Amino acid sequence: MFKGQSGKPKFKSRKRSKPAVYSRYDRFKANGCRVYLEKIGWVQTSESLPEADKYSNPRVSFDGKYWYVSVGMEQKTEKPELTREVIGIDVGVTQLAVCSNGMVFKNINQSADARKVEKRLRRLQRKVSRKYEMNKEGNRFVKTRNIVKVEKSIRLLHRKLTNIRTNHIHQATSAIAKTKPSAVVMEELNVSGMMKNRHLSKAIAGQKLYEFVRQMKYKCEKIGARFIQADKWFPSSKLCSCCGKIKQDLKLSDRTYECDCGFKMDRDMNAAINLSKLAK
Ligand SMILES: [Zn+2]
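Residues numbered from 1 in each chain as written. Predicted model: local features only at pLDDT ≥ 70, side-chain atom pairs only at ≥ 80, totals over all residues. Heavy atoms only, no water.

1. Quick notes on the overall build of the protein chain
This is how the line gets drawn: Working definition: helices are DSSP H or I runs of at least four residues, strands are E runs of at least two. Numbering for both runs from the N terminus. Atoms considered for the radius of gyration are the C-alpha atoms alone. The globule rule reads 2.2 Å times the number of residues to the power 0.38. Accessibility here uses a 1.4 Å probe with only protein chains present; expressed as a share of the type maximum, an area under 20% marks a residue as buried, one over 50% as exposed, and anything in between as partly exposed. The contact criterion used is simple: two residues touch if any of their non-hydrogen atoms lie within 4.5 Å. Only the protein chains shown count as cover for residues, and all accessible areas are computed by the Shrake-Rupley method using a 1.4 Å probe. Positive charges come from Lys and Arg alone, negative charges from Asp and Glu alone, with His and the N- and C-terminal ends not counted. We put the charge of a Lys on NZ, of an Arg on CZ, of an Asp on CG and of a Glu on CD.
Within the protein chain, the secondary structure is distributed over six helices and 13 strands. At 24 Å, the protein chain has a C-alpha radius of gyration far larger than the 19 Å of a compact globule built from 280 residues. Across its three principal axes, the protein chain shows a C-alpha extent of roughly 70 × 60 × 45 Å. For the protein chain, buried positions account for 34% of its 280 residues. For the protein chain, long-range pairs separated by at least 24 residues make up 58% of all intrachain contacts whose partners lie at least 6 apart in sequence. As presented, the protein chain carries roughly 19,600 Å² of accessible surface, and 50% of it is formed by carbon and sulfur atoms. The positive charge centre, built from 61 side chains, and the negative charge centre, built from 27, are 9 Å apart in the protein chain.

2. Some thoughts on unusual backbone geometry
Even without being a glycine, Lys39 presents a positive backbone phi close to 70°. Considering the arrangement of structural elements, one finds Lys39 in the loop between β3 (34-37) and β4 (41-44). Positive phi is not limited to glycine here, since Asn57 has a value of about 50°. Take Asn57: it is sitting in strand β5 (residues 55-62). Classification of Asn57 as partly exposed rests on a relative accessible area of 44%.

3. Section: the packing of aromatic side chains
Formally: Here a Phe, Tyr or Trp ring, Trp counted by its six-membered ring, pairs with any other such ring whose centre lies within 6.5 Å, and the pair is stacked when the planes are under 30 degrees apart, edge-to-face when over 60, and tilted otherwise. Note on geometry: a ring has a charge over it if NZ (lysine) or CZ (arginine) is within 6 Å of the ring centre and within 35 degrees of the ring normal.
In total, this model carries four aromatic pairs according to the counting rule given. Here Tyr36 and Trp42 contribute two aromatic rings whose centre-to-centre distance is 5.4 Å and whose plane-to-plane angle is 70°, an arrangement assigned as edge-to-face. The interplanar angle of 85° and the centroid separation of 6.0 Å between the aromatic rings of Tyr132 and Phe141 together place this pair among those described as edge-to-face. The class for Tyr132 is buried, based on a relative accessible area of 19%. Sitting over the face of the ring of Tyr36, Lys29 holds its NZ or CZ atom 4.8 Å from the ring centroid. Its guanidinium or amino end placed over the ring of Tyr257, Lys247 lies 5.7 Å from that ring's centre, counting from NZ or CZ.

4. Quick notes on the sheet that holds strand β1 (residues 20-22)
Our working definition: For two strands to be treated as a pair, DSSP must find at least two bridges joining them. Working convention: axes come from line fits to C-alpha atoms, limited for helices to the stretch in contact. Angles between N-to-C directions cover 0 to 180 degrees.
Ordered by their spatial adjacency, three strands build an open sheet running β1-β5-β6, and the pairing between neighbours is antiparallel. Among the strands making up the open sheet, the edge pair consists of β1 and β6 (67-73). Averaged over all adjacent pairs, the angle separating strand axes in this sheet is 20°, with direction ignored.

5. Remarks on the coordination of the zinc ion
Selection criterion: Because no water is among the atoms considered, metal sites can look incomplete, with donors defined as N, O and S atoms within 2.8 Å of the metal, or 3.2 Å for Na, K and Ca.
In the first shell of the zinc ion, the protein supplies Cys240 (SG), Cys243 (SG), Cys259 (SG) and Cys261 (SG), at 2.3 to 2.4 Å from the metal. Sequence spacing of the donor residues for the zinc ion, all on one chain, is C-x2-C-x15-C-x1-C. Classification of Cys240 as buried rests on a relative accessible area of 2%. For Cys243, a relative accessible area of 43% gives the class partly exposed.

6. A short note on the environment of Arg198
With respect to the element layout, Arg198 can be found in the loop between α3 (191-194) and α4 (201-205). The exposure class assigned to Arg198 is exposed, which follows from its relative accessible area of 69%. Note: C-alpha distance between Arg198 and Val93 (105 residues apart in sequence) is 13 Å.

7. Section: the sheet that holds strand β7 (residues 86-91)
Strand order in the open sheet formed by five strands is β9-β8-β7-β10-β11, and the pairing between neighbours is mixed. The two strands at the open ends of the sheet, each matched to only one other strand, are β9 (104-106) and β11 (226-230). Along the sheet, successive strands turn relative to each other by an average axial angle of 20°, direction set aside. Of the pairings in the sheet, the one linking strand β10 (residues 183-187) to β11 comprises five bridges and is parallel in character. When the sheet's bridge partners are listed, Val184 is paired in β11 with Phe227. Lying on the sheet, helix α6 (residues 267-276) is in contact with β7, β8 (95-99), β10 and β11; it crosses β7 at an angle near 135°.

8. Some details on the state of the cysteines
To keep things clear, this is the line we draw: Criterion for a disulfide: a pair of cysteine sulfur atoms within 2.5 Å.
A full pass over the atoms with the stated rule returns zero disulfides. Left unpaired, Cys99 is separated from the closest cysteine sulfur, that of Cys220, by 11 Å. Cys242 carries a free sulfur, and the closest cysteine sulfur to it, the one in Cys261, is 4.4 Å from it. Classification of Cys242 by relative accessible area gives exposed; the value is 54%.

Here it is in structure tokens:
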């Protein structure tokens, strides 16, 4: 930093950041279900690393429950033969994604599993808050061993919820990439704008829409498909996918799109079809 080669170091709090360390790549070795990390030595892993000539950028991280080692490796893949289909994807809150080819992916936060975890989380948060109140010394909050215990299980539940959400997005984006489209069109998201609506903000945050776009982008790249992002102001929902007229008075509560020309369709499906037309 003093030589002017890099910027200022960032403060890393033990409370906020995910513990992760870099391990020297030239000292890294892998052998079956064991990996060699510098200064630590051989460590048992539950999965064996795939064979590769060279591993790069090994990192060790902790997600609150398990320790992970992740490495980069080069692999030759053959790009598959693509179909001529163009898929438009409309992402949202009622459904995670609606594709113009008829594929629909549900909102995982409305599933029984996710709701159960959320409910349990709410209970524990109430519990820990009660404990803080109970053990207050004057104006000061005291952390007792029981509070530490409950906070640990809260952290594990947050981890579980993130895993449920990320897994669902991975499955959805992989299923779309598996149809081998020649192009995928998505809308440029305005998540920070949508978050301002406080009735919707929690639902939007739980959908991890940026993560969806990120995964879709790299999975398209992997199969060699084009990934197109429509402009933020493209009226994908307001346009009629049949005659091209723009319906100005479309409300967020209108779930079906109805046009003067007699065209009638599900709102998200109409938007997905409009997006798919942008690639031609
Ligand atoms: Zn129309």
